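Observations on chain architecture
Chain residues, written in single-letter form:
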Amino acid sequence: MAAAALCLTASAQARPAAADDPSYSATTSVGVHNAYEKAKYPYFADALDSGASLLELDVWTNVFGAGWRVSHSNPFGNDNNCENAAGPAELRTKARNQTLAGCLADMRAWHEAHPGHRPILVKVEMKDGFYGKSGRGPADLDALLGTTLGDALLRPADVVGGHADLDQAVRAGGWPSRSALAGKFVVELIPGTVEENNPLDTLWTDREYATHLRDLSAAGKLGQAAAFPAVHRAASGDPRTRYTDATLRPWFVLFDGDASAYVTGGIDTAWYDDRHYLLIMTDAHQVAPAIDGTSPTEAQARTRVSELAARHASFATADWYPLPSVLSTVVPRG
């Protein structure tokens, strides 16, 4: 694939490409870490307007608070720029610090105001994992995502099609083209930092949701699933071998880890690209030589995106919210 950038604007992405219409897995784009933080965007609608192809939310589910809470470090309440807009007219008009349902409502309202928008991957870090005992398990998340986002959601079943599982589907070219994904959100789930450091938690988000996908598929109900689990943290070889239950491995086609680890850790990142897996490289600014994590020059940020595209990243993420021209960049992968 040519090395020249495909600098697709939001309006251009809304139209089917006449000549060059790459698969979703054939491009590299840019994401914003913790896009729900008010210091970055006054409202989540501003994050959606930014042009970024990936936006991250942190979600808490523990028993010490009600509902699905969105915040960075407060497990008991909400601290975010979401406002629970009922429609486009309410965007940027209401009180913030809403639940996950409120963030999803803003996404739906923004979607209605921008039909045919660029595909946006919504990365959800489940800070402390699922809590099914209080109605916050995988099926409950599916119901919430489906109710709020509706037909704006790309579901695993849409990718699987007539194949046996996600792995078989994407290796056969199952990701839709970018133009086919116009107007869609893709939800990625990763285990959270609290969950991963909790010695009492033996069922992390990745394994729990992959089990959910496998079981739904076996029951002929895969269409109910609304999200894609990711293998978290970079590792050599096939990172899915960490799952001792081999029946879970074909349900992972997203991989998410530190960009520096992928670049300097002796990892064959072409392995992901060859199989059409999505590879999210985080903390893109820290790859040597490090650049500013918030406000590098536009040239520095663009160069870093191109470097990680050559390393087969699907998404390069950082806190580059002051650089919308960089956030909207889409380049060929590999």
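For the structure, check the block above.
Residues numbered from 1 in each chain as written. Predicted model: local features only at pLDDT ≥ 70, side-chain atom pairs only at ≥ 80, totals over all residues. Heavy atoms only, no water.

Glancing now at the layout of surface pockets. Roughly 310 Å³ of volume is contained in the largest pocket. Along its surface, the largest pocket is lined by 17 residues, and Lys 123, His 232, Arg 233, Thr 282 and Asp 283 are the ones closest to its centre. Of all elements in the fold, only strand E4 (120-126), strand E5 (185-191) and strand E7 (254-258) reach the threshold of two or more residues within the lining of the largest pocket. The element best represented in the lining of the largest pocket is E7, accounting for three residues. (1 Å grid on protein atoms, 1.4 Å probe; cavity = no way out; pocket = protein on both sides within 12 Å on 5 of 7 lines; lining within 4 Å. Points joined across faces, edges and corners; volume = space filled by probe spheres on them. Helix = DSSP H or I, 4+ residues; strand = E, 2+ residues; numbered from the N terminus.)

Our focus in this paragraph is the pairing of E7. Burial analysis of E7 places four of its five residues in the buried class, the great majority of the element. Examined bridge by bridge, E7 and strand E8 (residues 278-282) share five bridges and lie parallel to one another. Within E8, the residue paired with Phe 255 across the bridge is Leu 279. (Buried < 20%, exposed > 50% of the residue type's maximum accessible area, 1.4 Å probe, protein only. Pairing = 2+ DSSP bridges.)

Under the counting rule described, the total for this entry stands at 19 salt bridges. The shortest N-O distance in the salt bridge between Asp 151 and Arg 108 comes to 3.0 Å. With a gap of 43 residues between them, Asp 151 in the loop between helix H4 (138-149) and helix H5 (156-160) and Arg 108 in helix H3 (residues 100-113) connect regions that are remote in the sequence. Asp 151 sits in the exposed class, given a relative accessible area of 56%. (Salt bridge = Lys/Arg side-chain N within 4 Å of Asp/Glu carboxyl O.)

Note on placement: Asp 106 falls in helix H3. Buried and unpaired, Asp 106 has no salt bridge, with Lys 94 as the nearest side chain of opposite charge at 7.2 Å. Filtering out sequence-adjacent residues up to four positions away, Asp 106 remains in contact with Phe 44, Leu 48, Asn 81, Cys 82, Glu 83, Asn 84, Ala 85 and Leu 91. (Lys, Arg positive; Asp, Glu negative; His and termini not counted. Contact = heavy atoms within 4.5 Å.)

Taking 1.5 Å per residue as the helical rise, helix H8 (residues 205-218) with its 14 residues ought to reach 20 Å, and the 20 Å between its terminal C-alpha atoms agrees with that figure. Inspection of H8 places Thr 205, Asp 206, Glu 208, Tyr 209, Ala 210, His 212, Leu 213 and Leu 216 among the buried residues, and these make up the whole buried set. Positive backbone phi, at 70°, marks Gly 220, one or two positions downstream of H8. (Expected span 1.5 Å × (residues − 1).)

Nonpolar side chains collect at one region of the surface, where Val 63, Phe 64 and Phe 76 lie side by side and expose about 360 Å² of accessible area between them. With respect to the helices and strands, the residue Phe 76 is situated in the loop between strand E3 (69-70) and H3. (Patch = residues over 30% accessible without salt bridge, like charges linked within 9 Å, V, L, I, M, F, W, Y side chains within 5 Å. Areas by Shrake-Rupley, 256 points an atom, 1.4 Å probe, with all protein chains shown as cover.)

In this section: the state of the cysteines. For the structure on display, the rule yields one disulfide. Paired through a disulfide, Cys 82 and Cys 103 show a sulfur-sulfur distance of 2.0 Å. Disulfide Cys 82-Cys 103: torsion about the S-S bond near 100°, hence right-handed. One end of the pair, Cys 82, is in the loop between E3 and H3; the other, Cys 103, is in helix H3, with 21 residues separating them in the sequence. There is no split in this pair, since Cys 82 and Cys 103 are both buried. (Disulfide = S-S within 2.5 Å.)

As enumerated under the stated definition, the model contains 13 aromatic pairs in all. Among the aromatic residues, those joined into a ring-pair cluster are Phe 255, Tyr 262, Trp 271, Tyr 272 and Tyr 277. Over the ring of Tyr 43 we find Arg 96, and its NZ or CZ is 5.4 Å from the ring centre. (Phe/Tyr/Trp six-rings, centres within 6.5 Å; stacked < 30°, edge-to-face > 60°. Lys NZ or Arg CZ within 6 Å of the ring centre and 35° of its normal.)

Everything listed here is a matter of geometry and, on its own, says nothing about what the molecule does.
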